[in-house]
Amino acid sequence: MIPFTTFGLLGLLALSIPVGVVLFLLAFGIDFFFSPFPLMRGLGQVVWSSSNSGTLIAIPLFVLLGEVLVRSGVAGRTYSALDKWVSWLPGGLVHANIATSTMFSATSGSSVATAATVATVAMPQARALGYNEKLFSGAIAAGGTLGIMIPPSINLIVYGFLTESSIPQLFLAGLLPGLLLAVMFMAMTAFLCSAKPELGGPRRSSTWGEKFRSLSDLLPVFGLFGVIVGSIYAGWATPTEAAAIGVAISLLIAFQQKAVNWNMISSALLGAIKTTAMIMLVVIGAYVLNFVLTASGVSRTLQALLEGLGMGPLATLLVIVLIYIVLGFFIETLSLMVATIPIVVPIILQLGYDKIWFGILLIIMVEMALITPPVGLNLYVVQSARKGKPFSDVMIGCIPYVLTMLMMVGLLILAPQIALFLPSTL
Amino acid sequence: EEFSVVGSWSSLPLHKQFETPFWTKTLSEVSGGDMTANLTTHDQMGVASGDVFRLLGQGVYDVAMTVGDYAVADSAPLEGLDVPLIATDADTARKMVEAARPMVDDIFRDVFNSKVLAIAPYPPQVVFCNAEVASLDDLKGKKIRASGRMTAKFLEALGAEGVNISFGEVPGSLQRGVIDCAVTGAGSGYNAGWWEVSTHLMTLPLGGWDPVVTAINMDKWNSLSDAQKTTLETAVKEKFEEPAWATAQDALENDIACLTGEGECTYGEARNLVLVRASEADSQKAREVLISKVLPDWAERAGAEWTKRWSETVGQVTGVEIK
Amino acid sequence: MTSLIALLRKINHWVALTVGFILLACVAFTLVEIVVRRVGLSLGGVDEISGYVMAIVTSWGVSYALTEMAHVRIDLLRNRLIPLFRSVFDMIAILSLAATGLVVAWRGWGVVSKTLSTGARANTPLETPLWIPQIFWWAGWTWFAVTACILVLSTLYFIVRGDHDRLDNTVGARAEV
Ligand code: NA
Ligand code: NA
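The residue numbering used here restarts from 1 in each chain and proceeds along that chain's sequence as written. Starting at A for chains and at 1 for ligands, labels are handed out in the order in which the entities are written. Confidence filtering applies because this is a predicted model: local features only for residues at pLDDT of at least 70, side-chain atom pairs given and counted only at 80 or more, and all residues used for totals across whole chains, interfaces and linings. Note that water and hydrogens are dropped before the side-chain values are worked out from all heavy atoms of the structure.

With that settled, consider the nonpolar core. Only buried residues count toward a nonpolar core. Its members are Ala, Val, Leu, Ile, Met, Phe, Trp, Tyr and Cys residues joined through side-chain atoms within 4.5 Å. In this scheme, a residue with accessible area under 20% of its type's maximum is buried, one over 50% is exposed, and one in between is partly exposed, where area comes from a 1.4 Å probe on protein chains only. Residues Phe-136 and Phe-358 of chain A together with Phe-53, Leu-139 and Trp-310 of chain B are the most contacted members of the largest nonpolar core, which totals 275 residues. Looking at this core, the element that brings in the most residues is helix α14 (residues 262–295) of chain A, giving 22 residues. Contacts are assigned to residue pairs that have any heavy atoms within 4.5 Å of one another. Dropping the residues within four chain positions of it, Trp-310 of chain B is found in contact with Gly-80, Val-83, Ile-86, Met-103, Leu-295, Trp-298, Gly-315, Val-320 and Ile-322 of chain B. If you look at the next biggest cluster of nonpolar residues, it comprises 29 residues, including Phe-3, Phe-22, Leu-27 and Phe-240 of chain B. In this description a helix means any DSSP run of H or I spanning at least four residues, a strand means any run of E spanning at least two, and both kinds are numbered starting from the N terminus.

What follows is the structure, encoded as structure tokens:
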């Protein structure tokens with residue numbers, strides 16, 4: 001059954017069947033060929049209960065928030081302000097890409113939305129200023145992945161939902177690793193571009209006057225982050241309610257920018273519904289597949305397999321990390337999480353690791369999956385903003401950042417406190 | 001015969017100490033290898049707790065067990081199995097469950113197309129508070145997290161406000177004051193570290209005893225031979241239900257000892273929550289609220305026929321009359 | 001055929017806008033709850049109602065995502081094919097979508113009918129009669145199945161006519177996210 005599932009998954013994906021539907025089809029197949037029970041009778045109930053969730057409504061809300069910000073011009077102004085602050089570094093604008101991604105991560109719950117936002121405002125600059133597009137686009141794809149590490153994060157909400165852990169604690173745990181990862185991305189960029197300046201483009205300098213005048217353009221994003229995260233920690237709102245507050249504030253910002261009109265509201269809503277439906281089809285498919293895999297005993301077999309390796313906690317953890325890297329080539333984000341959490345997290349807890357800490361480690365693996373080919377949503381998002389150039393540019397440009405993420409995994413294993421320090425102060 | 005079995009919460013003691021050994025070892029031993037089981041749990045399958053018995057009735061698996069309270073969406077009469085506060089010790093709780101058993105049998109046959117094999121206790125649901133509480137009256141005006149309709153209604157009748165948040169969100173919410181109190185089993189609260197964020201432990205079984213129903217799909221049951229039926233029924237009763245009840249009272253005392261440091265904690269480090277035992281006045285008040293408000297409400301939801309059956313059985317045993 | 005597809009897109013456009021506004025209404029409801037909770041009151045049931053809204057947003061949103069070609073597909077292999085084979089891939093994809101939609105709608109009805117037969121009410125103080133949210137949820141999936149089946153027919157029509165461009169514009173893969 002395990003080979004059937006693996007090859008079925010890869011084969012159906014290669015046929016370019018929509019990812020969510022592939023998960024459904026696999027579930028149908030396993031039920032039909034391997035299960036003595038009429039599992040499909042439970043299908044309707046699983047679909048209803050997995051989408052009837054007050055927690056998951058944070059997904060459309062955070063997507064909507066991002067849509068409103070892009071359409072009100074906040075995204076563009078943030079980019080040019082950060083350009084003034086960081087583009088003097090070796091690598092120039094590439095740093096602005098990373099910094100803008102980091103800022104947006106603090107208001108957006110999704111990596112795809114973050115990468116899409118930054119790609120829209122940044123890619124035209126690469127052309128205009130004659131940057132090498134490999135590292136430039138790689139930095140957007142990689143920087144965008146921070147969207148699910150720095151709070152708020154849709155993926156951490158789903159992790160908390162599935163493992164019954166505290167979402168505010170997870171959010172706090174993601175903050176330091178997310179910022180550290182952003183700094184490491186910039187260090188890697190500066191290192192590469194010092195060694196080989198042609199990898200980047202012109203360094204840009206601005207006067208201190210320009211720098212300080214640009215600060216006011218950063219206020220909306222800082223304000224939003226403060227309100228979203230602040231309302232959670234002040235005990236005023238649950239993470240889901242904070243998403244609703246975020247939507248309201250972003251609409252106020254848009255209103256203040258005189259960007260609110262029927263066209264803008266309707267296209268923001270349509271964009272949010274489209275993205276949410278796309279994500280949810282994958283989430284529901286993953287639920288159905290997990291239901292079938294557990295009911296027919298595959299999960300138990302896998303669990304026994306992992307436990308039967310008889311290795312120490314660290315070795316087992318490294319094997320799990322390796323499995324995630326490999327799976328991450330083909331599956332990603334929510335499907336990768338929903339399909340593996342029920343199998344992996346119990347093992348991790350048994351080994352004596354912390355649930356919150358593992359959530360953050362898992363997020364790095366998911367971030368990596370977003371920028372590794374062949375299935376890498378962020379690669380596609382960035383590519384779609386630069387039509388007519390080879391796709392391999394983005395892939396190659398991501399390699400240094402994948403290596404940086406691997407370093408971060410090592411750091412997190414050596415020093416769990418990077419993730420656990422902030423939640424312990426709560 | 002190999003059964004596909006869905007256990008209750010994978011992390012809770014009832015599953016680890018009783019369900020797992022029974023279904024994976026004992027059953028095969030007593031039947032001489034004739035009956036075995038493949039065990040998983042609803043949380044591992046990603047099945048919502050309220051769907052467990054619906055899917056059992058449809059034959060998605062053979063045997064399932066979960067808290068009766070989770071299934072009350074489909075059957076208001078089933079709420080009568082777990083009325084809060086009328087059983088303050090395990091013996092009374094057991095009498096209550098046994099009195100309710102014929103009703104539960106009928107409900108499971110008609111609503112979930114399945115046959116009840118056993119009803120075992122979870123640790124009773126007690127109240128963790130991050131606020132000064134000394135009596136039931138102090139709960140008035142507090143924001144309390146409770147699961148289950150009847151408990152929520154009971155809290156409302158006391159003048160408290162029911163807040164609906166997920167189990168994992170409770171510690172943070174207690175600490176930040178989103179809620180003042182939360183109801184769960186004493187053992188689960190200990191394991192989930194709720195003692196870190198609360199100050200008081202009220203040991204009134206405000207959430208009832210959360211009896212866990214074990215049931216088998218009716219078609220599957222009918223397909224078994226008489227010998228198999230007898231073996232299964234006796235084994236479940238003697239090797240699962242009995243031992244689970246036998247340890248219930250001690251488990252509660254031990255959990256309380258571990259949480260409050262009063263008495264000896266046998267499984268971990270003792271904590272120091274302030275123990276708030278129910279006074280005579282509290283019990284009186286609880287009964288009064290139950291009889292005047294909560295049970296009449298329920299009687300309306302469940303209908304006259306079920307109310308009558310309840311009064312003649314559970315009501316008789318516990319001395320409660322619905323007006 | 002082209003006008004039928006245009007009509008389908010238009011309907012889904014309005015469906016998506018409608019659920020979008022339901023989502024906004026849910027935001028407003030949540031904000032009111034946050035505010036009144038500060039003064040010690042509660043509307044109650046925000047979380048429960050958000051859940052129903054999410055189920056309904058999802059079930060009606062999937063058909064909009066479908067006509068907008070937004071469901072993620074891995075098109076590495078597909079993009080290297082000649083138009084005829086590309087169309088065959090698209091045909092397989094839309095057939096799978098339609099099959100999934102039909103199965104979910106069929107099994108989804110089982111949920112609604114069980115709820116109707118037991119008169120199920122939510123296990124919450126609100127005691128919402130569950131058939132109400134469930135019937136809207138089920139109707140969304142049914143509309144998804146209908147939409148997908150219409151697209152299957154149009155794909156068939158375009159394949160027979162060899163009109164691979166139109167086909168690509170109807171059910172092709174878009175890297176856009
Ligand atoms: Na974020
Ligand atoms: Na990947």
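After that view, the rundown keeps rolling.
Our focus in this paragraph is the packing of helix α2 (residues 46–67) of chain C against helix α4 (residues 131–161) of chain C. All names here are of chain C. Axes here mean lines fitted to C-alpha atoms, for a helix over just the part in contact, with angles spanning 0 to 180 degrees between N-to-C directions. Packing of α2 against α4 leaves a shortest axis separation of 8 Å and a crossing angle of 10°. Classified by the angle between their axes, α2 and α4 sit roughly parallel to one another. Taken together, the residues of α4 that come into contact with α2 (itself represented by Tyr-52, Ala-55, Ile-56, Ser-59, Trp-60, Val-62, Ser-63, Leu-66 and Thr-67) are Pro-133, Phe-136, Trp-137, Ala-139, Gly-140, Trp-141, Trp-143, Phe-144, Thr-147, Ala-148 and Leu-151. Just so you know the grouping, Ala, Val, Leu, Ile, Met, Phe, Trp, Tyr, Cys and Pro go in nonpolar, Asp, Glu, Lys and Arg go in charged, and all remaining residues, Gly too, go in polar. In terms of residue class, the contact of α2 with α4 is built from 15 nonpolar, five polar and no charged. We call two directions roughly parallel when the angle between them is under 35 degrees, roughly antiparallel when it is over 145, roughly perpendicular when it lies between 65 and 115, and oblique otherwise.

Quick look at the UniProt feature "transmembrane region" (unreviewed entry) in chain C now. Residues and elements named next belong to chain C. In the numbering used here, UniProt assigns the "transmembrane region" (unreviewed entry) feature to residues 12–37, 49–67, 88–109 and 135–160. Taken end to end, residues 49–67 comprises 100% helix and 0% strand; its first and last C-alpha atoms sit 28 Å apart. Secondary structure across residues 135–160 divides into 100% helix and 0% strand, with the first and last C-alpha atoms of the span separated by 38 Å. UniProt positions are given in the numbering used here, feature names are shortened, and annotations may be inferred rather than shown by experiment.

Now for the sheet that holds strand β9 (residues 200–202) of chain B. Residue and element names in this part refer to chain B. Strands are labelled as partners when DSSP assigns at least two bridges between them. Here six strands make up an open sheet; going across it, the order is β7-β6-β8-β5-β9-β11 and the pairing mixed. Of all strands in the sheet, those with a lone pairing partner are β7 (161–163) and β11 (274–276), marking the two edges. Taken pair by pair, the neighbouring strands of this sheet meet at an average axis angle of 30°, ignoring direction. As judged from the two bridges shared by strand β6 (residues 143–145) and strand β8 (residues 181–185), these two strands associate in the parallel manner. Residue Ile-144 lies in a different strand from β8, and its bridge partner there is Cys-181.

The next point concerns the interface of chain C and chain A. Between chain C and chain A, the contact holds 57 residues from the first and 57 residues from the second. Buried area: the sum, over both parts, of the accessible surface (1.4 Å probe) that disappears when the two are put together. Summed over both sides, the interface between chain C and chain A buries roughly 5,200 Å², with carbon and sulfur atoms accounting for 79% of that surface. In the sections that follow, a salt bridge refers to a side-chain nitrogen of Lys or Arg positioned within 4 Å of a carboxyl oxygen of Asp or Glu. The tally of links between chain C and chain A comes to zero salt bridges. We call two N or O atoms a polar contact when they sit within 3.5 Å, provided that within protein one can donate a hydrogen and the other can accept it, with sequence-adjacent residues counted only if both atoms are side-chain atoms. Linking chain C with chain A are three residue pairs in polar contact (both at pLDDT 80 or more). Of all the secondary structure elements, the ones that give two or more residues to the side of chain C that touches chain A are α1 (2–38), α2, α3 (83–118) and α4 of chain C. A total of 16 residues in the side of chain C that touches chain A trace back to one element, the largest contributor, which is α1 of chain C. Its residues assigned to classes, the side of chain C that touches chain A shows 35 nonpolar, 12 polar and 10 charged.

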